[in-house]
Amino acid sequence: MRRRFSHPAPRSARLGLPALLALPALLALSPGLARAQFTAFAETQPQFAVSTVLDTICGVSATGDLQTQCDAFGAVLGNGSEDLTLQQFAHEEYAATGNLAVEFSNRQRQEVEARLRELREAEDDPKDVRDVFSLQGLGFYLSPNYAWGDHDGSEREDPFDVDSIGFLLGVDHWIGERGIVGAAFSYEYRDLDFDSVGRVTGGEIDSYSYGGALYGGFDAGFVQLDGLASFTWANLDHERRLVSQTPAYPLNRTARSDTAAQTWGVALMASRGWFWRSLAMVPFAELSYQGLHVDAFKERGAGGLDLAVESQGVHSLQSALGVRLAYALSTELGVISPQVRWRWRHEFLHDRRDVDARFLADAASVDVLPETDNPDRDFFSFGASLTLTLPRGFQPYADYHTVLGLRNVSNHVVRVGLRMEL
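Computed from a prediction, not measured in an experiment: that's the story for all the values here. Once a new chain begins, its residue numbering starts again from 1 and follows that chain's sequence as written. Given that this is a predicted model, residues contribute local features only at a pLDDT of at least 70 and side-chain atom pairs are listed and counted only at 80 or more, while totals for whole chains, interfaces and linings are drawn from all residues. Side-chain descriptors were evaluated using all non-hydrogen atoms of the structure, hydrogens and water having been removed beforehand.

Student: Give me the lowdown on unusual backbone geometry, citing residues and values where you can.
Tutor: Notably, Ala-248 is not glycine yet its phi reads approximately 75°, a positive angle. With respect to the helices and strands, Ala-248 occurs in the loop between strand 6 (224-243) and strand 7 (252-271). Exposure categories follow from relative accessible area, calculated using a 1.4 Å probe and restricted to protein chains: below 20% of the type maximum is buried, above 50% is exposed, and the middle band is partly exposed. Given the relative accessible area of 61%, Ala-248 is considered exposed. Non-glycine residue Ser-365 carries a positive phi angle of around 55°. In DSSP terms, a helix is any run of H or I states spanning at least four residues, a strand is any run of E spanning at least two, and both are numbered starting from the N terminus. When you line up the elements, Ser-365 lands in the loop between strand 15 (357-359) and strand 16 (378-389).

Spelled out as structure tokens, the structure:
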């Protein structure tokens, strides 16, 4: 039977100075208290989560190399940096697994939305429809992209850098003069590297995803309506580094694992454009839902410190209100189109979650439960792009996107690519 534990308060709130001074004597006199030693050195929530479990299982249900690590680490407590070493036992890195799978789906949606904007802009001038190759009214397009970004850390989640490369391949068809339907296939590879600073000692997640989307739009005159349904499957390969920060405790191991994630979502968008010569202002509203499931997996390579990580589930319902400003400048080279966009987002469903795991060498299967950050309910996003439309449908573009108003988090993504009408 698996056992679960809540997380204790910070050490400063639980132990006064007299208690800290008397702790060594109490540990020596009481066998029961002698096991409750790791928690006294914890400073962050992930450290509390794992130290509570270690205090419970060491000398009781820990087996083999796990008990050996309990003894070796316990024998040098007091040598310094125990909190940083406890962080190595925790698995807060896997909070990024769920976040990464959601980002795969978001990127696919952003690329499809860019295609719909392109078609809307061409709609006003039939001569500007840039499908240089079409088959029975079908327009084909290819949109490769490259992106990189970073994620600031917090007490519960680790900082990392990420870069990716991928493409979107699609086909769509006009229905009359006002409707459009289409389908797209996406592929993306990402390399995420955890920063080797402070309590984090590196590690990485290599991942790739395949996705499909169905989309459509209709111009009702007073409003333009667009819809999207998508599914993404991602494979994720992890490397989690465990390196002791405490003198005389020789720990240097790498836990490896792999798993898969599935993300599905729907989005509905409504917009209305106002035009003044070459300037366009387009207010818009959006409602989107995403569901995520990350499969359970087991680590290998870290001996008794290997973990069995349970599946993760995330549900997100977001609304968005925003505006897009675009300008079209005709030159001898082609049409240069700068654009800025701003949106306010509100999250209704997504909440803090536990990343549930247990030591494989623990006979009692006690849960280790580090928590993710509590998501912000309201935040903003800002984007700017520059597109050059060349003859025969070639469109080199650069796009910058950032999220504002998130606590302890900054995210900057730059995409460069080339859209081509096949």
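Student: Kindly report on a nonpolar patch on the surface, identifying the contributing residues and their values.
Tutor: Side chains of Leu-169, Phe-185, Tyr-210, Phe-231, Trp-233 and Trp-264 sit close together on the surface and give an oily, nonpolar patch of about 540 Å² of accessible area. Of the residues examined, Trp-233 reaches a relative accessible area of 31% and is grouped as partly exposed. Here, patches come from residues exposed beyond 30% relative accessible area and free of salt bridges, joined within 9 Å for like charges and within 5 Å for nonpolar side chains (Val, Leu, Ile, Met, Phe, Trp, Tyr). For every accessible area listed, the method is Shrake-Rupley and the probe measures 1.4 Å; residues are considered covered only by the protein chains on display. Salt bridges, as used here, are contacts in which a Lys or Arg side-chain nitrogen is within 4 Å of a carboxyl oxygen on Asp or Glu.

Student: Please provide a residue-by-residue account of helix 5 (residues 64-75), values included.
Tutor: One fewer than the residue count of a helix, multiplied by 1.5 Å, yields its expected span. Between its first and last C-alpha atoms helix 5 spans 17 Å; for twelve residues at 1.5 Å apiece the expected length is 16 Å, and the two agree. Residues are treated as being in contact if the distance between any of their heavy atoms lies within 4.5 Å. Its buried side turned inward, helix 5 meets helix 4 (45-57), helix 6 (82-89), strand 7 and strand 15.

Student: Now, about the packing of aromatic side chains: what can you tell me, with residues and values included?
Tutor: Note on aromatic pairs: the rings of Phe, Tyr and Trp (six-membered ring only in Trp) are paired at centre separations within 6.5 Å, and the planes decide the class, stacked below 30 degrees, edge-to-face beyond 60, tilted for the rest. One pass over the full model with this rule turns up twelve aromatic pairs. With a centroid separation of 5.4 Å and an interplanar angle of 35°, the aromatic rings of Phe-38 and Phe-73 are classed as tilted. Taken as a pair, Phe-38 in the loop between helix 3 (31-35) and helix 4 and Phe-73 in helix 5 lie far apart in primary sequence, 35 residues in all. Judged by its relative accessible area of 1%, Phe-73 falls in the buried class. The interplanar angle of 20° and the centroid separation of 6.4 Å between the aromatic rings of Tyr-210 and Trp-233 together place this pair among those described as stacked. On the criterion of sequence distance, the pair formed by Tyr-210 in strand 5 (residues 203-219) and Trp-233 in strand 6 is long-range, its members being 23 residues apart.

Student: Run through the sheet that holds strand 15, naming residues and quoting values.
Tutor: Strand pairing in a sheet is mediated by backbone hydrogen bonds. Such pairs are either parallel or antiparallel. Here we have three strands laid out as an open sheet, ordered 10-11-15, and antiparallel in their pairing. The open sheet has two free edges, formed respectively by strand 10 (297-298) and strand 15, since each of these has just one partner strand. Each pair of strands is called paired provided DSSP finds at least two bridges between the two strands. Both strand 11 (residues 307-309) and strand 15 contribute to a ladder of three bridges, which runs antiparallel. Within the sheet, the bridge partner assigned to Leu-307 lies in strand 15 and is Phe-359.

Student: Explain the state of the cysteines to me, and be specific about the residues and the numbers.
Tutor: Cysteine sulfur atoms that come within 2.5 Å of each other are treated as a disulfide pair. Enumeration over the complete set of coordinates arrives at one disulfide. Two residues, Cys-58 and Cys-70, share a disulfide whose sulfurs are 2.0 Å apart. One disulfide, between Cys-58 and Cys-70, carries an S-S torsion of -65° and so falls in the left-handed class. One end of the pair, Cys-58, is in the loop between helix 4 and helix 5; the other, Cys-70, is in helix 5, and twelve residues separate them in sequence. With respect to burial, Cys-58 and Cys-70 carry one shared label: buried.

Student: A description of helix 4 should follow, citing residues and the corresponding values.
Tutor: In this model, helix 4 (13 residues) spans 19 Å end to end at C-alpha, consistent with the 18 Å of a helix rising 1.5 Å per residue. Among the 13 residues of helix 4, 13 are classified as buried, and the element is accordingly described as predominantly covered. Gly-59 lies just past helix 4 and shows a positive phi near 80°.

Student: Report on the environment of Gly-211, specifying residues and quantitative values.
Tutor: Topologically, Gly-211 is positioned in strand 5. Gly-211 sits 25 residues away from Ser-186 along the chain, and the two C-alpha atoms are 5.0 Å apart. Dropping the residues within four chain positions of it, Gly-211 is found in contact with Gln-108, Ala-184, Phe-185, Ser-186, Phe-231 and Thr-232.

Student: Talk me through the nonpolar core; I want residue IDs and the actual numbers.
Tutor: Think of a nonpolar core as a cluster: buried Ala, Val, Leu, Ile, Met, Phe, Trp, Tyr and Cys residues, connected wherever their side-chain atoms sit within 4.5 Å. With 35 residues, the main nonpolar core has Leu-54, Phe-73, Phe-89, Leu-305 and Phe-359 as its most contacted residues. Those elements that place two or more of their residues in this core are helix 4, helix 5, helix 6, strand 11 and strand 15. Those residues within four positions of Leu-305 in sequence are excluded, and the remaining contacts are Leu-66, Gln-69, Phe-89, Arg-240, Leu-242, Leu-251, Arg-253, Glu-299 and Phe-359. Val-162, Ala-261, Leu-292 and Val-314 belong to the second-largest nonpolar core, a separate cluster that totals eleven residues.

Student: Please give an account of the pairing of strand 12 (residues 312-327) that cites residues and values.
Tutor: Put simply, side chains in a regular strand alternate between the two faces of the sheet. As paired elements, strand 9 (residues 279-294) and strand 12 share 16 bridges and run antiparallel to each other. Counterpart to Leu-279 in the pairing with strand 12 is Tyr-327. Looking at chain direction, strand 12 and strand 14 (residues 335-347) are connected through nine bridges and run antiparallel. Each bridged residue has a counterpart across the sheet, and for Ala-320 the counterpart in strand 14 is Arg-345.

Student: A description of the packing of helix 4 against helix 6 should follow, citing residues and the corresponding values.
Tutor: A fitted line through C-alpha atoms represents every axis, and for helices the fit uses only the stretch in contact; the resulting angles, taken between N-to-C directions, go from 0 to 180 degrees. Direction vectors running N to C along helix 4 and helix 6 enclose 80°, while the axes themselves pass 8 Å from each other. For the element pair helix 4 / helix 6, the angle class is roughly perpendicular. Touching Pro-46, Gln-47, Val-50, Ser-51 and Leu-54 of helix 4 are Asp-83, Leu-86, Gln-87 and Phe-89, all from helix 6. Put simply, Ala, Val, Leu, Ile, Met, Phe, Trp, Tyr, Cys and Pro go in the nonpolar bin, Asp, Glu, Lys and Arg in the charged bin, and everything else, Gly too, in the polar bin. Within the contact of helix 4 with helix 6, the residues separate by chemical class into five nonpolar, three polar and one charged. Should an angle fall under 35 degrees it is taken as roughly parallel, and over 145 as roughly antiparallel, whereas 65 to 115 is taken as roughly perpendicular and any remaining angle as oblique.

Student: Go over the pattern of salt bridges with me, naming the residues and quoting the values.
Tutor: What the rule picks out here adds up to eight salt bridges. One salt bridge connects Glu-239 with Arg-256, and the closest N-O pair in it is separated by 3.4 Å. In this pair, Glu-239 is assigned in strand 6 and Arg-256 in strand 7, connecting sequence segments 17 residues apart. Exposure remark for Arg-256: the relative accessible area of 38% places this residue in the partly exposed category. Arg-300 is the salt-bridge partner of Asp-258, the closest N and O atoms lying 3.4 Å from each other. Remark: Arg-300 occurs in the loop between strand 10 and strand 11 and Asp-258 occurs in strand 7; sequence separation between them is 42 residues. Taking relative accessible area as the criterion, Arg-300 reaches 45% and is therefore assigned partly exposed.

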